[in-house]
Amino acid sequence: MASQTSEGAMEGERDHPAGPAFGTPESFVVVASSAPEALAGIRSVVCVPTFKRPDMLEATLRSLAGQTGGHDFAVIVVENEGVERAGATRASALHAAGLFKGFVIVEPRQGNCKAYNAAWRCALTRFPALEQVLGIDDDEEAEPGWLDAFVTAARTAPAELFGGSVTPVFADASRAWLSAHPVFQSHYDRSGPVPMLYSSANYLIRRSVLDRLGFPFLDESFDFTGGGDTDFFTRARAAGFRFWWVQEAAQRETMPERRSEFAWIHARGLRNGALSAMIQRRENPGLSGRIRVLAKSLALLAAAVPRGLALGLRTRSGLIGLYHLQVAIGRLMSEFTGTNEQYRKPETN
């Protein structure tokens, strides 16, 4: 595999004729890249954001290298820590060793949405044959048939955005029962059309969606609260794009011990509620819209107790049963306090 390094962005961005206009200079730098001729025919690009997890990132990249199905694809690793760059250093070494082809870039402006925007922009401007972008986080590993399942579905399914299942793997095996908690579960469990996607943990998005919605693709005001992906999918739905679930496009996600603690789970429930209300307020601007969102929050609060009891009995867990109440409280709190910036310190998330 031919490889080259650069401390600056590649010259001569190749904007797609029907694609988005980039009115600002690139904020990322390319630190490793394959030769252009090796990338000219690539249709599928897997984007991997990373922040201070080089060992887990390597496991992610090795899982991509083990994909079956014979598909030709490339990878864009986007390092979102601009000082030590441990992930970029590890990825560059693996790239030079031939584990994957594509790019290693650094987006020094910290923020989840900024990292995704950099990766998707890189894909659109460096891969002239690009048809779709896929995603996996640096704490996840793809099952061997992950890519094949997505690509196969994308060939025939009448949709533009695809999601896949993510199975939690708890570092503390004694907490595996928490996999029944809604914060650790995928939204769907059967392949087929779905109303919308909510998470960018595991996705395939056709290029046409990015071309239509334009740059910046994700709203960077969600950088540290999370929810930028849900907002993006909400806008895609409003633009008329369709969604499809691919259960067989499976990943495993490592759950460190802190994510099995009550404090983290409680904060995530409150955050999920706050984000849902925040996005609905954006969809329904003005006083009447705000009143409708508040009314829904109050209705969810009223329903939280019976729903929580049913969930707790079904899972035999009082902790899990609290989830609907936490979401309702989070929605109401957001009316007065905004949304907690849980990703401000991602190493503790």
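### Quick look at the overall build of the chain
Now for step 1: What the chain contains, in helices and strands, is 11 helices and 11 strands.
Now for step 2: Rg of the C-alpha trace for the chain: 20 Å, near the compact-globule value of 20 Å for 349 residues, within the 12% margin.
Now for step 3: In terms of principal-axis extent, the alpha carbons of the chain reach across some 60 × 50 × 45 Å.
Now for step 4: The burial tally for the chain puts 53% of its 349 residues in the buried class.
Now for step 5: Contacts in the chain between residues far apart in sequence, at least 24 positions, make up 83% of those at least 6 positions apart.
Now for step 6: As presented, the chain carries roughly 15100 Å² of accessible surface, and 55% of it is formed by carbon and sulfur atoms.

### A closer look at the nonpolar core
Now for step 1: Ranked by size, the top nonpolar core spans 45 residues in total, and within it Trp120, Leu161, Ile205 and Phe232 carry the most contacts.
Now for step 2: The element contributing the most residues to this core is helix α4 (residues 112-126), with 9 residues.
Now for step 3: For leucine 161, the residues in contact, after removing those within four places along its chain, are Leu197, Leu204, Ile205, Val209, Phe232, Phe233, Ala236, Phe241, Arg242, Phe243 and Trp244.
Now for step 4: Grouped together as the second largest cluster of nonpolar side chains are 33 residues, Leu57, Phe73, Val77 and Val246 included.

### Considering the pairing of strand β3 (residues 44-50)
Now for step 1: For β3, the buried fraction is high: 7 of the 7 residues fall into the buried class.
Now for step 2: Residues Ser44, Val46, Val48 and Thr50 line one face of β3 and the alternating positions Val45, Cys47 and Pro49 line the opposite face, and both faces are buried.
Now for step 3: Sheet topology note: the β3/strand β4 (residues 73-79) ladder contains 7 bridges and is parallel. Across the sheet, residue proline 49 finds its bridge partner in β4, namely valine 78.

### Considering the packing of helix α8 (residues 262-283) against helix α9 (residues 286-315)
Now for step 1: Running from amino to carboxyl end, α8 crosses α9 at an angle of 155°, the nearest separation of the two axes being 9 Å. In terms of orientation, α8 and α9 fall into the roughly antiparallel class. Pair α8 / α9 crosses with right-handed handedness. For the pair formed by α8 and α9, the contact residues are Ala277, Gln280 and Arg281 on the first element and Arg290, Val293 and Lys296 on the second.
Now for step 2: Split into classes, the residues belonging to the contact of α8 with α9 amount to 2 nonpolar, 1 polar and 3 charged.

Rules behind the numbers
- For every chain, the first residue of the written sequence is number 1, and numbering continues from 1 along that sequence.
- Under the rules for a predicted model, residues below a pLDDT of 70 receive no local features and side-chain atom pairs below 80 are neither given nor counted, while totals for whole chains, interfaces and linings still include all residues.
- Side-chain descriptors were evaluated using all non-hydrogen atoms of the structure, hydrogens and water having been removed beforehand.
- Comment: elements are numbered from the N terminus, with helices defined as DSSP H or I runs of at least four residues and strands as E runs of at least two.
- Note on method: radius of gyration uses C-alpha positions; expected globular size equals 2.2 Å times residues raised to 0.38.
- Exposure classes here rest on a 1.4 Å probe applied to the protein chains alone. A residue is buried below 20% of its type maximum, exposed above 50%, and partly exposed in between.
- Note on contacts: a residue pair qualifies if any of its non-hydrogen atoms lie within 4.5 Å across the two residues.
- Per-residue accessibility takes into account occlusion by the displayed protein chains alone, with areas from the Shrake-Rupley method and a 1.4 Å probe.
- We call a set of buried Ala, Val, Leu, Ile, Met, Phe, Trp, Tyr and Cys residues a nonpolar core when their side-chain atoms join them within 4.5 Å.
- Pairing between strands is defined by DSSP: at least two bridges between the two strands are required.
- Lines fitted to the C-alpha atoms define the axes, with helices restricted to the stretch that makes contact. Angles between their N-to-C directions range from 0 to 180 degrees.
- Note that the term roughly parallel is reserved for angles under 35 degrees, roughly antiparallel for angles over 145, roughly perpendicular for angles of 65 to 115, and oblique for everything else.
- Crossing handedness: left-handed means the near helix sits turned counterclockwise from the far one by under a right angle, and right-handed means the same turn made clockwise.
- Amino acid classes used here: Ala, Val, Leu, Ile, Met, Phe, Trp, Tyr, Cys and Pro are nonpolar; Asp, Glu, Lys and Arg are charged; the rest, including Gly, are polar.

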